[in-house]
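This is what each chain is made of:
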Amino acid sequence: MEEKEKRRLRSQERSKAASKLFDFDSANALLYKDEAIRIDRSGRSEGRQPFTYYGEMSRLPERQATSKSTKVSKKEVVLPRRQRTKEDPLGDEVYEAFHRKMKRDEKSMTGSDKNRIANEIDNFRMQLMLLQQNNWARHLPKMTYINDKSDLEELSWKRQATFKELQRLVQKYENWETRNEQRLAEIKEFESRRDPDAPDSEPVDEDDADDAILAQPSVQEEREQERLEELGPSSRLILLP
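Note on numbering: residues in each chain are counted from 1, in written sequence order. Reporting in this predicted model follows two pLDDT cut-offs: at least 70 for local features of residues, and 80 or more for side-chain atom pairs to be given and counted; totals over whole chains, interfaces and linings ignore these cut-offs and use all residues. As a rule here, side-chain values cover all heavy atoms of the structure and leave hydrogens and water aside.

An unreviewed UniProt entry lists the protein chain under the name Something about silencing protein 4 domain-containing protein, from Candidozyma haemuli.

This is how it looks when you write it as structure tokens:
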């Protein structure tokens, strides 16, 4: 009997594929079902609890009164002035090649993220087209979690909720894309005013190879010389049997 109960409960659990779908069952009905907003001035809620966005987490902790007053004293401390070294032991030229490589990697990762988001938006637009077709009930369970596929009322209101949510996501991406193009145009205009003869892209030097970036001979020789001066030459012990 217990095994049958466990199997039945396990079958009711949502799969990983269903967890990626839109779920409007636990959403606010005032937003997705257009329910009327009730104002109870008498204080009688008739068994209904007021809606809270985060449940118990939205409540602020109660302030506890302190029995004793805390005395705060202010004391000014003047720190000694820091003396700067005249020469930097590690100049900026040591990190220029590595910095250029990191900038290229960051640009590549940003481009891959943009492509991934663009693919998701294309899928959302395709889903909007499918919801406007005559066989929308066939495609809706692939987008939104449906409890009963034979319930026309549930299919109808979840279709409208899914359509509005997809429109909101697509509009959000289009607004971001418009703002991004404006910011890029402003950056190019600012750079052209500052230095009209500046090239659009940074030149690629031969020192940008991975071997030259991760292990430069000059830096290794300097560090090896410092280690010898501080610790002395290394010695090898041979243990005879």
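Moving on, there is more to tell.
Salt bridges, as used here, are contacts in which a Lys or Arg side-chain nitrogen is within 4 Å of a carboxyl oxygen on Asp or Glu. Inspection of every chain in the model, using the stated rule, returns eight salt bridges. Between Lys-158 and Glu-154 there is a salt bridge; the shortest N-O distance is 2.9 Å. With a gap of four residues between them, Lys-158 and Glu-154 both fall in helix α6 (residues 152-194), about one helical turn apart. Each residue is assigned to one of three classes by its accessible area relative to the maximum for its type, calculated with a 1.4 Å probe on protein chains only: buried under 20%, partly exposed between the two thresholds, exposed over 50%. Its relative accessible area of 0% is what places Lys-158 among the buried residues. Glu-189 is the partner of Arg-193 in a salt bridge, and the nearest nitrogen-oxygen pair spans 2.6 Å. Numbering goes from the N terminus for both helices and strands, where a helix is a DSSP run of H or I of at least four residues and a strand is a run of E of at least two.

Time to look at a nonpolar patch on the surface. By definition, no residue in a patch forms a salt bridge, and every one has over 30% relative accessible area; like charges are joined within 9 Å, nonpolar side chains (Val, Leu, Ile, Met, Phe, Trp, Tyr) within 5 Å. Computed by Shrake-Rupley with a 1.4 Å probe, the accessible areas treat only the displayed protein chains as cover when residues are assessed. Where nonpolar side chains cluster on the molecular surface, the patch consists of Leu-30, Leu-31, Ile-37 and Ile-39 and spans about 460 Å² of accessible area. Secondary-structure assignment places Leu-31 in helix α3 (residues 29-32).

Here we take up helix α4 (residues 96-131). Helix span, expected: 1.5 Å multiplied by one less than the number of residues in the helix. Its 36 residues place the ends of α4 53 Å apart at the C-alpha level, agreeing with the 52 Å of an ideal helix rising 1.5 Å per residue. For α4, the complete set of buried residues consists of Ala-97, Arg-100, Lys-101, Ile-121, Phe-124, Gln-127, Leu-128, Leu-130 and Leu-131.

With that settled, consider the nonpolar core. Grouping buried Ala, Val, Leu, Ile, Met, Phe, Trp, Tyr and Cys residues that are joined through side-chain atoms within 4.5 Å yields what is termed a nonpolar core. Counting 17 residues, the largest nonpolar core has Phe-24, Phe-124, Leu-131, Leu-140, Leu-155 and Leu-166 as the members making the most contacts within it. For this core, the secondary-structure elements that each account for two or more residues are α4 and α6. Considering every element that reaches this core, the biggest residue donor is α6, with six residues. Discounting residues that sit within four places of it in the chain, Leu-155 has contacts with Trp-136, Leu-140, Ile-146 and Lys-149. Two residues form a contact once any of their heavy atoms are found within 4.5 Å.

Quick look at the packing of α4 against α6 now. Here, axes are lines fitted to C-alpha atoms. For helices the fit covers the stretch in contact, and angles between N-to-C directions go from 0 to 180 degrees. Where α4 meets α6, the axes come as close as 10 Å, and the angle between the chain directions of the two elements is 145°. Two packed elements cross with a definite hand, and for α4 against α6 that hand is left-handed. On the side of α4, the interface is formed by Lys-114, Ile-117, Ala-118, Ile-121, Phe-124, Arg-125, Gln-127, Leu-128 and Leu-131, while α6 contributes Arg-159, Thr-162, Phe-163, Leu-166, Gln-167, Leu-169, Val-170, Tyr-173, Glu-174, Trp-176 and Asn-180. Classification used: nonpolar for Ala, Val, Leu, Ile, Met, Phe, Trp, Tyr, Cys and Pro, charged for Asp, Glu, Lys and Arg, polar for all others including Gly. A breakdown of the residues in the contact of α4 with α6 according to their chemical character gives twelve nonpolar, four polar and four charged. Take the far helix as your reference; a near helix turned counterclockwise from it by less than a right angle gives a left-handed crossing, and one turned clockwise gives a right-handed crossing.

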